[in-house]
Amino acid sequence: MKTTDTPPAAAPAAGSAPVVKAPASAAKEKSSEGQVLNVFSHGVLIIWAILVVLPLLWAVMASFKTDDSILSTPWALPDKLHFENWSRAWSQAHMSDYFFNTVVVVGCSLVGTLLLGSMAAYVLARFDFPGNRFIYYLFIGGMSFPIILALVPLFFVMNNMALLNTRHGLIMVYIAYSLPFTVFFLTSFFRTLPSSVAEAAMLDGASHTRTFFQVMLPMAKPGLISVGIFNFLGQWNQYMLPTVLNTEPKYRVLSQGLVELATSQGYKGDWSGLFAGLVMAMLPVLAAYIIFQRQVVAGLTAGAVK
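A. Spatial organisation of the overall build of the protein chain. The secondary structure content of the protein chain amounts to 13 helices and 0 strands. In the protein chain, the succession of α and β elements from N to C terminus is α-α-α-α-α-α-α-α-α-α-α-α-α. A buried classification covers 34% of the 306 residues belonging to the protein chain. For the protein chain, long-range pairs separated by at least 24 residues make up 75% of all intrachain contacts whose partners lie at least 6 apart in sequence. When the accessible surface of the protein chain is totalled, it reaches about 19200 Å², and 70% of it is carbon and sulfur.

Have a look at this one:
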């Protein structure tokens, strides 16, 4: 009868560290902690989404209901879609005029902000000159300056320049108000772009202006879209500046129009028209974010990774 000898275990190679296996209990405990944290984070996000989406859906639903149904059954679905609420808010409440003024003011100020902000950010990010950091910190300081402290002197400056109650005056104020954040954001973004592309364009005979507009600015498209969305949200919902600097009824923007619609009702209570105007004001903002949400995320991450 033959016996099979068990081969001896291979000795560890000289100079190699012994392999230490993690206990199975520690791995399971770490996995359970990760699952608990994952469930907790998802639960918080779900609660936050409900708190944000539910009021928006309720406002849209109320814009298609009558005033009696809004007050009597606020959480019930409308019996039918009352589109006359929208037409009444658009024509009788002058929401069409407010919408046109807002599109003109925000559109022109957004273009001016991105153009001037990108040019200033490119110079601060790419060129070294005396006072570079001082100018950069001046823009950062503008972000921390409360706008409410500048309302009184700004009013007198605009009055002396005959810019009160004008669209172009409000556009200039919006641009100045949005430039600090735009320059701060785009300066960090331009620093992440490769300088070899600009150097190659300069070697090919391109001027600084042509290099900026035809080479560097297209490369900064994700950052421009991201900061453009932020500026669009801030300028579209701006209320304090137009209230102080734009008291002419024919030049009022949407934020002023909604307040006027709410305060001018008195005891009539045209709640359906008010909700219809509110939905009109928030639809462009929601549409802009839904369309450009991927570009916003790409711009934020691209500016953070070099």
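There's more to say after this.
B. Region of the structure containing the packing of aromatic side chains. Following the criterion strictly, the structure yields 16 aromatic pairs and no others. Plain terms: the ring middles of F190 and F212 are 6.4 Å apart, the flat faces sit at 45° to each other, and that makes the pair tilted. Placement of F190 in helix α7 (residues 167-192) and of F212 in helix α9 (residues 208-219) is noted, with a sequence separation of 22 residues between them. No difference in accessibility class separates F190 from F212, as the two residues are buried. Seen from their ring centres, F212 and F213 are 4.9 Å apart, and the 75° between their planes marks the pair as edge-to-face. On the accessibility criterion, F213 (37% relative accessible area) is partly exposed. Here the aromatic cluster, defined as three or more aromatic residues joined through ring pairs, consists of Y122, F127, F190, F212 and F213. Cation over ring: R191 sits above Y136, and NZ or CZ is 5.3 Å from the ring centre.

C. Layout of a nonpolar patch on the surface. The grouping of I47, W48, L51, V52, V53, L56, L57, L283, L286 and I290 at the surface amounts to a nonpolar patch, some 950 Å² of accessible area in total. The element that contributes the greatest number of residues to the nonpolar patch is helix α1 (residues 24-62), accounting for 7 residues. Considering the arrangement of structural elements, one finds V53 in helix α1. For V53, a relative accessible area of 40% translates into the label partly exposed.

D. Spotlight on unusual backbone geometry. At H94, a position not held by glycine, the phi torsion is positive, near 60°. Residue position: H94 is located in the loop between α3 (84-91) and α4 (95-126). Owing to a relative accessible area of 41%, H94 belongs among the partly exposed residues under this scheme.

E. Geometry of the side chain of T113. Relative to the helices and strands, T113 resides in helix α4. Sequence-distant contacts of T113, defined by excluding residues within four places in its chain, comprise S118, Y174, I175, S178, L179, T182, N231 and Q235.

F. Region of the structure containing the pattern of salt bridges. Scanning the model with the defined rule gives 1 salt bridge in all. The salt bridge partner of E260 is R252, with a shortest N-O separation of 3.6 Å.

G. Quick peek at the environment of G142. Inspection of the secondary structure assignment puts G142 in helix α5 (residues 132-143). Spatially, the C-alpha atom of G142 lies 5.7 Å from that of P180, the residues being 38 residues apart in sequence.

H. Structural detail: the confidence of the model for the protein chain. Averaged over every residue, the pLDDT of the protein chain is 84; residues scoring 70 or more account for 83%. When pLDDT is averaged over each helix and strand of the protein chain, the minimum, 79, is found for helix α13 (residues 271-304) and the maximum, 94, for α4.

I. Looking closely at the nonpolar core. Core analysis: the largest hydrophobic core is formed by 27 residues, its most contacted members being W86, M95, F232, W236 and L254. Mapped by element, the contributors of at least two residues to this core are α1, α3, α4, α10 (221-236), α12 (254-263) and α13. Sorting elements by how many residues they give to this core places α13 first, with 9 residues. When near neighbours in sequence (up to four residues on either side) are disregarded, L254 contacts M95, Y98, F99, T102, W236 and A281. Membership of the second largest hydrophobic core comes to 18 residues, among which are L124, L164, L170 and L241.

The rules behind the values
- Residues numbered from 1 in each chain as written.
- Predicted model: local features only at pLDDT ≥ 70, side-chain atom pairs only at ≥ 80, totals over all residues.
- Heavy atoms only, no water.
- Helix = DSSP H or I, 4+ residues; strand = E, 2+ residues; numbered from the N terminus.
- Buried < 20%, exposed > 50% of the residue type's maximum accessible area, 1.4 Å probe, protein only.
- Contact = heavy atoms within 4.5 Å.
- Areas by Shrake-Rupley, 256 points an atom, 1.4 Å probe, with all protein chains shown as cover.
- Phe/Tyr/Trp six-rings, centres within 6.5 Å; stacked < 30°, edge-to-face > 60°.
- Lys NZ or Arg CZ within 6 Å of the ring centre and 35° of its normal.
- Patch = residues over 30% accessible without salt bridge, like charges linked within 9 Å, V, L, I, M, F, W, Y side chains within 5 Å.
- Salt bridge = Lys/Arg side-chain N within 4 Å of Asp/Glu carboxyl O.
- pLDDT = per-residue confidence, 0-100.
- Core = buried A, V, L, I, M, F, W, Y, C linked by side-chain atoms within 4.5 Å.

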